[in-house]
Amino acid sequence: MFKEAIKKDIKENTFNSVLNISNIKYKITIGLFWIDPINFFNLDGTNRSLLLSKNIRVESLPDYASYLKYMKETKEAFKKPFYELSLE
């Protein structure tokens, strides 16, 4: 997945496979954010609380489609780059 993230071409199957690794859950988004903080958002506990301020509820991360949806909603709601939101 690292190679795919560098190329900005993550395959849904790859993401979902990594997501199925025991205890990975939101950590997958932390790694993606470290790789590319412009294009990927970190869904750690602090950022999930921030999203709640705009009524974006991240109650689970079942698949890549959900992650893409959360990122789209975040961009639309905050109109700031992901790295700025994370800094806040």
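The following refers to the structure shown.

### Thoughts on the overall build of the chain
The secondary structure content of the chain amounts to six helices and zero strands. Listed N to C, the secondary structure of the chain is α-α-α-α-α-α in terms of helices and strands. Its C-alpha atoms give the chain a radius of gyration of 12 Å, within 12% of the compact-globule value 12 Å for 88 residues. The principal-axis extent of the C-alpha atoms belonging to the chain is close to 30 × 25 × 20 Å. Residue pairs at least 24 apart in sequence account for 54% of intrachain contacts in the chain once pairs closer than 6 positions are excluded. Taken as a whole, the chain presents about 5500 Å² of accessible surface, with 53% of it coming from carbon and sulfur.

### Some words on the packing of aromatic side chains
Per the stated rule, a full pass over the model turns up three aromatic pairs. Ring centres of Phe41 and Phe82 lie 5.2 Å apart, and the angle between their planes is 40°; this geometry places the pair in the tilted category. Taken as a pair, Phe41 in the loop between α3 (27–35) and α4 (45–52) and Phe82 in helix α6 (residues 82–87) lie far apart in primary sequence, 41 residues in all. Residue Phe41 is classed as buried on the basis of its relative accessible area of 1%.

### Quick look at the pattern of salt bridges
Under the counting rule described, the total for this entry stands at five salt bridges. Here Lys11 and Asp9 are joined by a salt bridge, their closest N and O atoms 2.4 Å apart. Residue classification places Asp9 among the partly exposed residues on the basis of a relative accessible area of 38%. Of the charged contacts in the structure, one is a salt bridge between Lys69 and Glu73, with a shortest N-O distance of 3.7 Å.

### Regarding unusual backbone geometry
Even without being a glycine, Lys8 presents a positive backbone phi close to 60°. By the element assignment, Lys8 lies in the loop between α1 (2–6) and α2 (12–19). Despite not being glycine, Asn23 shows a phi value in the positive range, around 65°.

Analysis parameters
- Residues numbered from 1 in each chain as written.
- Predicted model: local features only at pLDDT ≥ 70, side-chain atom pairs only at ≥ 80, totals over all residues.
- Heavy atoms only, no water.
- Helix = DSSP H or I, 4+ residues; strand = E, 2+ residues; numbered from the N terminus.
- Rg over C-alpha atoms; globule rule 2.2 N^0.38 Å.
- Contact = heavy atoms within 4.5 Å.
- Areas by Shrake-Rupley, 256 points an atom, 1.4 Å probe, with all protein chains shown as cover.
- Phe/Tyr/Trp six-rings, centres within 6.5 Å; stacked < 30°, edge-to-face > 60°.
- Buried < 20%, exposed > 50% of the residue type's maximum accessible area, 1.4 Å probe, protein only.
- Salt bridge = Lys/Arg side-chain N within 4 Å of Asp/Glu carboxyl O.

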